[in-house]
Amino acid sequence: MADKLIVFDTTLRDGEQSPGASMTRDEKMRIARQLERLKVDVIEAGFPASSNGDFEAVRAIANAIKDSTVCGLARANDRDISRAADALKGGHRTRVHLFLATSPLHMEKKLRMTPDQVYEQARLSTRFARNLTGDVEFSPEDGYRSEPDFLCRVLEAVIAEGATTINIPDTVGYAIPELYGEFIRNLRERIPNSGKAVWSVHCHNDLGMAVANSLAGVKIGGARQIECTINGLGERAGNCSLEEIVMAVKTRKDYFGLELGIDTTQIVPVSRLVSQTTGFVVQPNKAVVGANAFAHASGIHQDGVLKARDTYEIMRAEDVGWSANKIVLGKLSGRNAFKQRLVELGIEMESEADINTAFLRFKELADRKSEIFDEDILALVMDEAVVTEHEHYRLLSLAQHSETGERPHAKVAFAAGDAEIHAESDGNGPVDASLRAIESKLATGAEMLLYSVNAITSGSTESQGEVTVRLQHAGRVVNGVGADPDIVVASAKAYLSALNKLHSKVERVAAQG
Ligand code: KIV
Ligand code: ZN
């Protein structure tokens, strides 16, 4: 039987470190459930010692998830490790992931420790972790830029102390595929007890080679775990993208000869969920999950695909979860049909009351929009979840007037807790006027870092607009997302949703020490 390749998803930890991608506990839980449905082997749910919010999120996910191992990150010190172990306590299958920098640059400038001190700390903290749990992963941070002799010494010691997975991060995305693969092969060959651990790759995408480097780590280096994120989310240029590496290993099984446990039909739904939750839009030409990934514009290609699909297609759209903008429901659809579609889309509602609320919203939408697509339902449910989770601010009504040659004017009514606030303002355009009206009453002073509008479904001006607003205030960056057939309304919803996140004061500290 072919070897198994372990898929370790770190969207909720490394992905979340991307500025503006920070998620609430409930958002993380929703994504974790979808990752479980995708059948990833390991879900890295967060960094419990970094904040109480992350601790609680890891705890909730460890308790809820049964089919994937849930992992918590920790710096290599007793406090962090105990926090991670506490958060994971009671989980079905759990892992503690320790990291400590081993490159000369990081040891000297960041940690201000000698190599001998780092060696000792790595050894003792692995021992400490192994006394708390049987599944321990060790990552030498900036491993790829570390001295091979020193790295061999450290890794041999941590395996002897019981580390069960050894991960080699290319923390700054500096590697080249062949060199990274050989680096790992060399370590595995030189370390006498290397066979006692599973070897793992963790690549960042600064030079656009995270997927290629990870594949080389697997093929040349013999790694059997890949660390990756949905949509390649992550700090700077991001991490190795799950959908790309999974489909590469699956499509080229003839070359890699590896088994995967992933249910690839869940890839597109989870990609959408992550994009809608974080506000990080997927570029149309992104492999596998981009809107154009399976679109054939040229006549020659279309003709070829119609005659024999594999003339121009190496993967089938339905195998990765594309449902081709299916018209699923309309104005006449009943509650049962709506509920059934939620199940098919993998959306779990907590109670019948939540389904009723979502169904009412669906009916309102169906009155305004004749065709309701899967994407509309996902946006509606996301919007609903955002509203009910942090409902301090809520849009009640919006009216705006714009005319060629006139300065647009908007009147907005919104709830702030129990109060109802009415505001109005002029602006450069109707969106500007609406957001200025809100700001004229709240005076948050938040700086807008991003405003983007996307059509939820392509091909018609009847599509709902999905607006993402990224705000920065007092050192925090948050995203708000709003959807509506009227993009001015969607913008006001997105703005209020971002303000709700700022208002919720979810604490978070930089994850890497
Ligand atoms: O990139 C990195 O080095 C990391 C470690 C914490 C594994 O994310
Ligand atoms: Zn990383």
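In this text the structure is predicted, and so the values were computed from the model without any measurement.

Within soluble globular proteins, side chains that are nonpolar tend to cluster in buried spots. Judged by nonpolar contacts, the single largest core of 90 residues is most densely connected at Phe138, Leu155, Ile166 and Trp199. Top contributing element to this core by residue count: helix 6 (residues 148–160), with 8 residues. Setting aside chain neighbours within four positions, we find phenylalanine 138 in contact with Leu98, Leu100, Ala122, Thr126, Val154, Leu155, Val158, Ala163, Thr165, Ile166 and Asn167.

Taken domain by domain, the protein chain comprises domain 1 (3–278), domain 2 (335–386) and domain 3 (390–504). The C-alpha centroid of domain 2 is placed 35 Å from the C-alpha centroid of domain 1. Contacts between the two partners involve 8 residues from domain 1, matched on the other side by 8 residues from domain 2. Contact with domain 2 buries surface across domain 1, with Arg37, Arg272 and Gln276 losing the most and accounting together for 56% of the total. Connecting domain 1 to domain 2 are 0 salt bridges. Counting across the domain 1 and domain 2 interface gives 0 residue pairs in polar contact (both at pLDDT 80 or more). A class-by-class count of the residues in the side of domain 1 that touches domain 2 yields 1 nonpolar, 3 polar and 4 charged.

Right, let's get into the sheet that holds strand 16 (residues 447–455). Spatial ordering of the open sheet is given by 16-17-18, a layout of 3 strands whose pairing is antiparallel. At either margin of the open sheet sits one strand with a lone partner, and together these are strand 16 and strand 18 (476–484). The sheet shows a mean angle of 15° between the axes of neighbouring strands, direction not considered. Sheet analysis places strand 16 next to strand 17 (residues 465–473), joined by 8 bridges and oriented antiparallel. If you follow glutamate 447 over to strand 17, its bridge partner there is glutamine 472.

About the criteria used
- Residues numbered from 1 in each chain as written.
- Chains lettered and ligands numbered in written order.
- Predicted model: local features only at pLDDT ≥ 70, side-chain atom pairs only at ≥ 80, totals over all residues.
- Heavy atoms only, no water.
- Core = buried A, V, L, I, M, F, W, Y, C linked by side-chain atoms within 4.5 Å.
- Buried < 20%, exposed > 50% of the residue type's maximum accessible area, 1.4 Å probe, protein only.
- Helix = DSSP H or I, 4+ residues; strand = E, 2+ residues; numbered from the N terminus.
- Contact = heavy atoms within 4.5 Å.
- Domains from an automatic or database assignment.
- Buried area = accessible area lost by both parts, 1.4 Å probe.
- Salt bridge = Lys/Arg side-chain N within 4 Å of Asp/Glu carboxyl O.
- Polar contact = N/O pair within 3.5 Å; in protein donor to acceptor, adjacent residues only side chain to side chain.
- Nonpolar A, V, L, I, M, F, W, Y, C, P; charged D, E, K, R; others polar.
- Pairing = 2+ DSSP bridges.
- Axes fitted to C-alpha atoms, helices over the stretch in contact; angles between N-to-C directions.

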